[in-house]
Amino acid sequence: MKRILTIQDISCLGKCSLTVALPLLSALGHETVILPTAVLSTHTMFEGFTVKDLSDQLEPITKHWKDQGFKFDAIYTGYLGTEEEIETVKSIIKEFATDETLVFVDPAMADNGKLYPAFDLKYAKKNASLCGIADVIVPNITEASFMTGVEYKETYDENYVKTLLKALVDLGAKTAILTGVSLSEGKTGAMGLDSKTGEYFAYQNDRIPAAYHGTGDIFSSVVVGALLRGFSRYDSIKIAADYTAKTIDITRNNPEKPWYGVDFEATIPELVETVEKIK
């Protein structure tokens with residue numbers, strides 16, 4: 001059994017970040033160790049949410065693990081709230097990662113051409129430095145644009161996607177996977193680049209006409225879980241993209257009309273069956 005450390009915030013209610021990563025990685029057969037960067041009452045789409053920053057706990061917790069001799073097969077980072085937190089996480093990766101450790105970074109900070117309200121360009125560049133020490137990174141087009149300085153475009157072609165991917169691996173990442181990529185009308189998915197071989201790989205499925213909070217966390221968690229199961233990068237993004245799309249479709253057909261997250265719990269058995277069938 002592989003042991004994965006995931007570092008991100010925990011929204012007690014809201015189906016995102018750690019409350020998505022923990023069950024999905026566990027369902028994929030991995031021991032999942034969590035390092036919460038903050039505790040929120042709900043995710044930030046709710047009004048009046050509370051938040052408790054846990055930045056001062058990251059070093060004491062990881063020191064205890066080091067003292068106990070714990071090692072990790074993968075380190076998976078998500079949303080990080082401050083530049084200082086990113087630096088702390090870089091130190092944790094340096095402390096625990098070996099040549100065999102998969103370092104997987106989801107630089108969650110922007111979407112639809114804009115940074116999240118709490119962030120600025122300086123923060124984006126700090127996230128770029130974290131991506132530079134990763135084996136696999138999974139930014140969306142907006143995040144890639146801010147980190148690389150490549151102009152953001154809402155209308156683009158495959159050459160534009162390749163330009164972004166080349167700029168991302170130039171940051172230092174071994175493999176860059178760009179999410180939310182549409183290579184033809186009515187399709188969406190992801191496209192990646194292996195910096196060592198120069199190989200591009202892509203997967204597209206039908207675009208589901210709905211959008212929900214937390215789907216990026218679902219995609220990233222399934223990708224890293226699949227990679228740790230020994231799947232190729234192509235198969236990993238295919239499994240994750242199809243599972244995310246299926247979950248969105250199930251949610252939009254729920255008569256209760258949930259708005260703050262997707263019904264991923266209902267589709268976990270199908271995810272497990274898919275993984276077992278492929279292997």
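In this text, all values refer to a predicted model and were calculated from it rather than measured experimentally. (Residues numbered from 1 in each chain as written. Predicted model: local features only at pLDDT ≥ 70, side-chain atom pairs only at ≥ 80, totals over all residues. Heavy atoms only, no water.)

### Brief notes about the packing of helix H1 (residues 18-27) against helix H7 (residues 215-228)
So, point 1. Two elements in contact, H1 and H7, have axes whose closest approach is 9 Å; the angle formed by their N-to-C orientations is 30°. In terms of axis orientation, H1 runs roughly parallel to H7. Considering the relative orientation of H1 and H7, their crossing is right-handed. Contacts between H1 and H7 involve Val-20, Ala-21, Leu-24 and Leu-25 from the first element and Asp-217, Ile-218, Ser-221, Val-222, Val-224 and Gly-225 from the second. (Axes fitted to C-alpha atoms, helices over the stretch in contact; angles between N-to-C directions. Helix = DSSP H or I, 4+ residues; strand = E, 2+ residues; numbered from the N terminus. Parallel < 35°, antiparallel > 145°, perpendicular 65-115°, else oblique. Left-handed = near helix turned anticlockwise from the far one by under 90°. Contact = heavy atoms within 4.5 Å.)

### Structural notes on unusual backbone geometry
So, point 1. The phi angle at Asn-112 is positive, at roughly 50°, despite the residue not being glycine.
So, point 2. Here Asn-112 is to be found in the loop between strand E6 (110-111) and strand E7 (114-115).
So, point 3. The exposure class assigned to Asn-112 is exposed, which follows from its relative accessible area of 60%.
So, point 4. Of note in the backbone geometry, Lys-257 takes a positive phi value of approximately 50° without being a glycine.
So, point 5. Examined against the element boundaries, Lys-257 turns out to sit in the loop between helix H8 (233-252) and helix H9 (264-278). (Buried < 20%, exposed > 50% of the residue type's maximum accessible area, 1.4 Å probe, protein only.)

### Digging into the state of the cysteines
So, point 1. Tallied over the full model, the rule gives zero disulfides.
So, point 2. Lacking any disulfide linkage, Cys-12 is separated from the closest cysteine sulfur, that of Cys-16, by 10 Å.
So, point 3. Judged by its relative accessible area of 54%, Cys-12 falls in the exposed class.
So, point 4. We note that Cys-131 lacks a disulfide partner, and the nearest cysteine sulfur, in Cys-16, lies 20 Å from it. (Disulfide = S-S within 2.5 Å.)

### Re the environment of Glu-143
So, point 1. Relative to the helices and strands, Glu-143 is located in helix H5 (residues 141-148).
So, point 2. The class for Glu-143 is buried, based on a relative accessible area of 3%.
So, point 3. Here the alpha-carbon distance between Glu-143 and Ala-108, two residues 35 residues apart in the chain, equals 7.4 Å.
So, point 4. Excluding anything up to four places from it in sequence, Glu-143 contacts Pro-107, Ala-108, Met-109 and Ala-110.
So, point 5. At 3.3 Å, the side chain of Glu-143 and the backbone nitrogen of Ala-110 are in polar contact. (Polar contact = N/O pair within 3.5 Å; in protein donor to acceptor, adjacent residues only side chain to side chain.)

### Quick notes on the pairing of strand E9 (residues 175-181)
Every other side chain in a regular strand lies on the same face of the sheet, so the side chains alternate between the two faces.
So, point 1. E9 sits mainly inside the fold: six of its seven residues count as buried.
So, point 2. Between the antiparallel neighbours E9 and strand E10 (residues 187-194) lie five residues, among them Gly-186 with a positive phi of about 80°. (Pairing = 2+ DSSP bridges.)

### Some words on the pattern of salt bridges
So, point 1. Inspection of the entire model under this criterion finds 14 salt bridges.
So, point 2. For Asp-194, the salt bridge goes to Arg-233, with nearest N and O atoms at 2.7 Å. Taken together, the residues Asp-194 in strand E10 and Arg-233 in helix H8 connect sequence positions 39 residues apart.
So, point 3. Residue Arg-233 is classed as partly exposed on the basis of its relative accessible area, which comes to 24%.
So, point 4. One salt-bridge network, in which partners are shared between bridges, spans Lys-15, Asp-263 and Glu-265. (Salt bridge = Lys/Arg side-chain N within 4 Å of Asp/Glu carboxyl O.)

### Observations regarding the nonpolar core
Generally speaking, soluble globular proteins have nonpolar side chains that are buried together.
So, point 1. The biggest cluster of nonpolar side chains holds 44 residues, and the ones touching the most others in it are Leu-5, Ile-7, Met-109, Ile-137, Leu-165, Leu-168 and Leu-178.
So, point 2. With seven residues, helix H6 (residues 158-170) is the largest single contributor of residues to this core.
So, point 3. Apart from the residues lying within four places of it in its own chain, the contact partners of Leu-178 are Pro-139, Asn-140, Ile-141, Ala-144, Val-161, Leu-164, Leu-165, Leu-168, Gly-189, Ala-190 and Met-191.
So, point 4. With 37 residues, the next largest nonpolar core counts Tyr-76, Leu-102, Ala-241 and Tyr-243 among its residues. (Core = buried A, V, L, I, M, F, W, Y, C linked by side-chain atoms within 4.5 Å.)

### Things to note about the environment of Asp-170
So, point 1. Within the secondary structure, Asp-170 is located in helix H6.
So, point 2. Sequence-wise, Asp-170 and Lys-153 are 17 residues apart; in three dimensions their C-alpha atoms are separated by 20 Å.

### Here we look at the sheet that holds strand E4 (residues 74-77)
So, point 1. In space, the nine strands of this open sheet follow the order E3-E2-E1-E4-E5-E8-E9-E10-E11, with mixed pairing throughout. The sheet is open, and its two edges are formed by strand E3 (51-53) and strand E11 (200-206), each paired on a single side.
So, point 2. The sheet contact formed by strand E2 (residues 31-42) and E3 spans three bridges and is antiparallel. For Val-39, the partnering residue across the bridge sits in E3 and is Lys-52.
So, point 3. Contacting strand E1 (3-13), E2 and E3, helix H2 (residues 55-68) runs over the sheet at an angle of about 165° to E2.
So, point 4. Of the strands in this sheet, E1, E4, strand E5 (102-105), strand E8 (136-137), E9 and E10 are in contact with H7, which crosses E5 at around 170°.

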